[in-house]
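Structural overview
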Amino acid sequence: MGIQITPSILNADFARLGEEVARISSADWVHVDVMDNHFVPNMTFGPAMVEALSRSTSIPLDAHLMIEDCDRNAPAYVEAGAGSVTFHVEATKAPVRLAREIRAMGARASMALKPATPIEPYEALLPELDMLLIMTVEPGFGGQKFLDLCLPKIRRARELMRKHGVETWLQVDGGVSVDTIARCAEAGADVFVAGSAVYSADDPDAMVRDLRARAEATADLSA
Ligand code: DX5
Ligand code: ZN
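Presented here is a report on the structure given in the accompanying data block.

**As for the packing of aromatic side chains**
Applying the stated criterion across every chain, the model contains 2 aromatic pairs. Consider the rings of F14 and F45, whose centres lie 4.9 Å apart with planes at 50°: the pair is tilted. Of this pair, F14 sits in the loop between β1 (4-7) and α1 (17-22) while F45 is found in the loop between β2 (30-35) and α2 (47-56), placing the two residues 31 residues apart along the sequence. Arranged with centres 6.1 Å apart and planes meeting at 70°, the rings of W29 and W169 form a pair that is edge-to-face. With W29 in the loop between α1 and β2 and W169 in strand β7 (residues 169-173), this pair connects stretches of sequence that are 140 residues apart. Lying across the ring of W169, R108 places its NZ or CZ 3.4 Å from the centre.

**Some details on the site of ligand 1**
The environment of ligand 1 is formed by 20 residues, the closest being G140, G143, D173, G195 and S196. G175 has a polar backbone atom sitting 2.8 Å from an oxygen atom of ligand 1. At 2.5 Å from an oxygen atom of ligand 1 is found a side-chain nitrogen or oxygen belonging to S196. In the complex, the protein chains occlude 100% of the 380 Å² of accessible area that ligand 1 would expose alone. Where the shell around ligand 1 is concerned, the elements lending two or more residues are β2, β3 (61-66) and β8 (191-194). Residue composition of the shell around ligand 1, by class: 8 nonpolar, 10 polar and 2 charged.

The rules we used
- Residues numbered from 1 in each chain as written.
- Chains lettered and ligands numbered in written order.
- Predicted model: local features only at pLDDT ≥ 70, side-chain atom pairs only at ≥ 80, totals over all residues.
- Heavy atoms only, no water.
- Phe/Tyr/Trp six-rings, centres within 6.5 Å; stacked < 30°, edge-to-face > 60°.
- Helix = DSSP H or I, 4+ residues; strand = E, 2+ residues; numbered from the N terminus.
- Lys NZ or Arg CZ within 6 Å of the ring centre and 35° of its normal.
- Near = heavy atom within 4 Å.
- Polar contact = N/O pair within 3.5 Å; in protein donor to acceptor, adjacent residues only side chain to side chain.
- Areas by Shrake-Rupley, 256 points an atom, 1.4 Å probe, with all protein chains shown as cover.
- Nonpolar A, V, L, I, M, F, W, Y, C, P; charged D, E, K, R; others polar.

Quick look at the structure:
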């Protein structure tokens, strides 16, 4: 799989979500930020909204769960129609069991790390995951500044994936824009969330294509 762009609808107009998703037809996935006002100080969507979105678009949904007790709460998002479900390791007691459960239910299993969470303790989990999400802002809000201090972790995660010979996708989320995407691609990311960069653009789909071209150009140079 090559470069993928997964726009976040966190900064879209929530009163017109169906139309907002129709404005990003080149997207590989729609990134849905689920927040419970406990794991992060913000609240957004639940399974009912994911289900409604999954009926309104043919683009697959990438649910990013920023909620507590993922062991208990994550399966509902697979049932709601998400094709990929990301749980935070900081909010999960049994990540191996949960990843296996998500896969057994038919979705891609993904695990997220906050900026201060290292990858090394989770090296052995990589073969259990379809995707690893490295946050490049503190989760909770769109529009924050990209944290360069996360770049060495992206590089390290890519090295560990090569070492284990796994095809795990490596997603970055937070502050990704035309100014920062090349740095992420150069470090080894291949799946890019962009929220405010896409939805503050006059033409969101043109921005998706621009981000993809920049990431592909950098990935080709680094190959
Ligand atoms: C932050 C969310 C991100 C956010 C990205 O907690 O997980 O997906 O919406 O928005 P930008 O691209 O504006 O940082
Ligand atoms: Zn997200």
